[in-house]
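Report on the structure
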Amino acid sequence: MSVDTSPVVVEFLLSSTRHTRPFAADARYVPTGQPKPVVVFVHGFKGFKDWGHFNVLADYFANHGFVFVKLDLSHNGVVPGGTGDLEDMEAFGQNNFSLELDDLGILLDRLHEPNGTPVPAAEMDLSRLYLAGHSRGGGLVMLKAAEDARVRAVAAWAPINDIDQRWSEDIMRQWKENGVQYVDNSRTGQRMPMYYQLVEDYLANKQRLDIPRNVREKLRQPLFIIHGDQDETLPVEMAHALKSWKPESELVIVPGAGHMFGGKHPWDENHLPAQAQEVADRTIAFFRGL
């Protein structure tokens, strides 16, 4: 009798005591009955767990012996059971960084609860729990690891290296007066609000959200950084700065790669973009080498 070794996909909902919005996660793994390392992946700004090639990426990790878990951060604009794309602009406007860190913590807690997720405990080795994040998600996973010793290592893909955007005094004054500023989504044409509460949350949680200080002083776990030298969104100098703050980290620069490493939404292929596969392969090698 042949055995189907294709990845199993299980979905589940999460909830928080900080807000009333349910948010979705899914996990992919090849069922073997043997414990496998767990990678939790966090999307970036204007992203979501099923964006572009992320499902192909999840299958790729699963086929290489990992349980790959990804989530929609609760206020990213996706509605469970909705269109699958960004549609709730009010929620998007109410998002902030400490909310995102707490959402990620809720997922980590659920992974550690008996029967907390549909993934059988026998399939997960939570002593090998790794975080990976792209762009803003890359900054979040570094901050979460700095405050959560359950995380064994971190991979930051084209990550932000600071949450403080250092907006001009004029922008900050207008933002506070208006209560909102807008960012355009070039893919969908949406004007996406960011309410001033984002600034207030940052100021109230400045130490927790200080990426440079946390990477220098609190991030004890091994760190892998990968960045494209043609990143049009976050300059590659950000990755070099991270390396200088944690010299023992591993840094890879991908020649010719932009911010999404060849990915786009939607992604209709059943294979990864070449640069995204390099990111995956180097991340897998990093985790396996620990």
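Just above, that's the structure.
A few points on the structure. Chains are numbered independently. Their residues run from 1 in the order of the written sequence. Only residues with pLDDT of at least 70 are given local features in this predicted model, and only at 80 or more are side-chain atom pairs given and counted; all residues enter the totals for whole chains, interfaces and linings. Only hydrogens and water are removed before side-chain values are computed, so all heavy atoms of the structure are retained for them.

This paragraph deals with the overall build of the protein. Helix and strand labels come from DSSP, where a helix needs a run of H or I of at least four residues and a strand needs a run of E of at least two; each type is numbered from the N terminus. Of the regular secondary structure elements, the protein holds 9 helices and 10 strands. Radius of gyration: C-alpha atoms only; globule rule: 2.2 Å multiplied by the number of residues to the exponent 0.38. Taking 2.2 N^0.38 as the reference for a compact globule, 290 residues should give roughly 19 Å; the C-alpha atoms of the protein span a radius of gyration of 18 Å, in line with that estimate. Overall, the protein is about 70 × 40 × 35 Å in size when its C-alpha atoms are taken along their principal axes. Under the scheme applied here, a residue whose accessible area is under 20% of the maximum for its type counts as buried, over 50% as exposed, and between as partly exposed, the area being computed with a 1.4 Å probe on protein chains only. By residue count, 55% of the 290 residues in the protein fall in the buried class. Residue pairs at least 24 apart in sequence account for 72% of intrachain contacts in the protein once pairs closer than 6 positions are excluded. Here the Shrake-Rupley method, with its probe set to 1.4 Å, supplies the accessible areas, and only the displayed protein chains count as covering residues. Counting only carbon and sulfur atoms, one obtains 49% of the accessible surface of the protein, whose full area is about 12,800 Å². Of the side-chain charges in the protein, 29 are positive and 39 negative, and the distance between the mean point of each set is 4 Å. Contacts between residues were defined by any pair of non-hydrogen atoms, one from each residue, lying within 4.5 Å. Charged-residue counts in this description rest on Lys and Arg as positive and Asp and Glu as negative, His and the chain ends being excluded. Every charge is mapped to an atom, namely NZ of Lys, CZ of Arg, CG of Asp or CD of Glu.

A few words on unusual backbone geometry. Omega for the peptide link from histidine 265 to proline 266 comes to 0 degrees, which places this bond in the cis form. With respect to the helices and strands, the residue proline 266 is situated in the loop between β10 (250-254) and α9 (274-288). Residues other than glycine seldom take positive phi values, yet lysine 46 does so here, at roughly 65 degrees. Positionally, lysine 46 belongs in the loop between β3 (36-42) and α1 (54-63). In this structure, arginine 166 is a non-glycine residue whose phi angle is positive, near 55 degrees. Looking at the element boundaries, arginine 166 is found in the loop between β6 (153-157) and α5 (169-178). Judged by relative accessible area, arginine 166 falls into the exposed class, the value being 60%.

A separate point is the sheet that holds strand β2 (residues 23-29). With mixed pairing, the 8 strands of this open sheet are ordered in space as β1-β2-β4-β3-β5-β6-β9-β10. Of all the strands in the sheet, the pair left with one neighbour each is β1 (8-14) and β10. Each adjacent strand pair in this sheet contributes to an overall mean axis angle of 20 degrees, direction not counted. Being paired, for any two strands, means DSSP has found at least two bridges between them. Judged from the 7 bridges that link them, β1 and β2 form a sheet pairing that is antiparallel. Its bridge partner being in β2, leucine 14 is matched across the sheet by phenylalanine 23. Angles shown run from 0 to 180 degrees and are taken between the N-to-C directions of axes, each axis being a line fitted to C-alpha atoms and, for helices, limited to the stretch in contact. In the packing of α1 onto the sheet, contacts are made with β2, β3, β4 (67-71) and β6, and the angle to β4 comes to roughly 155 degrees.

Next up on the list: the nonpolar core. Side chains of a nonpolar character, in soluble globular proteins, are inclined to be buried together. Residues belong to a common nonpolar core when they are buried Ala, Val, Leu, Ile, Met, Phe, Trp, Tyr or Cys residues joined through side-chain atoms within 4.5 Å. Within the largest apolar cluster, 90 residues are counted, with the highest numbers of intra-cluster contacts made by Val40, Phe61, Val69, Leu107, Leu111, Met142 and Trp157. Among the elements that take part in this core, helix α3 (residues 97-112) stands out by supplying 7 residues, more than any other. When near neighbours in sequence (up to four residues on either side) are disregarded, tryptophan 157 contacts Phe41, Leu57, Phe61, Ala132, Gly133, His134, Ser135, Ile226, Phe261, Val279 and Thr283.

In summary, the pairing rule links any two rings of Phe, Tyr or Trp, Trp by its six-membered ring, whose centres are within 6.5 Å, and it sorts them by plane angle into stacked for under 30 degrees, edge-to-face for over 60 and tilted for everything else. Under the criterion given, the structure shown has 13 aromatic pairs. Taking the centre distance of 5.5 Å and the plane angle of 45 degrees together, the rings of tryptophan 51 and phenylalanine 54 count as tilted. For the pair tyrosine 130 and phenylalanine 287, a centre-to-centre distance of 4.3 Å together with 10 degrees between the ring planes defines the contact as stacked. In this pair, tyrosine 130 sits in strand β5 (residues 124-134) while phenylalanine 287 sits in helix α9, placing the two residues 157 residues apart along the sequence. Given the relative accessible area of 2%, tyrosine 130 is considered buried. Members of the aromatic cluster, connected to one another through ring pairs, are Phe41, Trp51, Phe54, Phe61, Phe66, Phe68 and Trp157. Over the aromatic face of phenylalanine 97 sits the side chain of arginine 136, whose NZ or CZ is 4.1 Å from the ring centroid. Criterion for a charge above a ring: Lys NZ or Arg CZ within 6 Å of the ring centre, and within 35 degrees of the ring normal. The ring of tyrosine 182 is capped by arginine 191, whose NZ or CZ atom sits 4.3 Å from the centre of that ring.

For helix α8 (residues 237-245), every residue scored as buried is listed here: Ala239, Ala241, Leu242 and Trp245. Along the axis of α8, the buried residues cluster in a sector spanning 160 degrees; they form a single face. Contacts made by the buried residues of α8 are with α4 (136-147), α7 (211-217), β9 (223-228) and β10. The reported arc concerns the directions from the helix axis to the C-beta atoms and nothing else.

Right, let's get into the pattern of salt bridges. Salt bridge criterion: a side-chain nitrogen from Lys or Arg within 4 Å of a carboxyl oxygen from Asp or Glu. Under the definition given, this model contains 21 salt bridges. A salt bridge links lysine 70 to aspartate 26; its shortest N-O distance comes to 3.0 Å. Of the two residues, lysine 70 is situated in strand β4 and aspartate 26 in strand β2; the sequence distance between them amounts to 44 residues. Each member of the pair lysine 70 and aspartate 26 is classed as buried. In this structure, arginine 213 engages glutamate 217 in a salt bridge whose closest nitrogen and oxygen atoms are separated by 3.6 Å. Of this pair, arginine 213 and glutamate 217 are both found in helix α7, 4 residues apart, which corresponds to roughly one turn of the helix. Judged by relative accessible area, which is 22%, arginine 213 ranks as partly exposed. Judged by relative accessible area, which is 44%, glutamate 217 ranks as partly exposed. Through salt bridges that share partners, Arg18, Asp102, Lys144, Glu147 and Arg208 make up one connected network.

Read these as layout, nothing more, since geometry by itself doesn't imply function.
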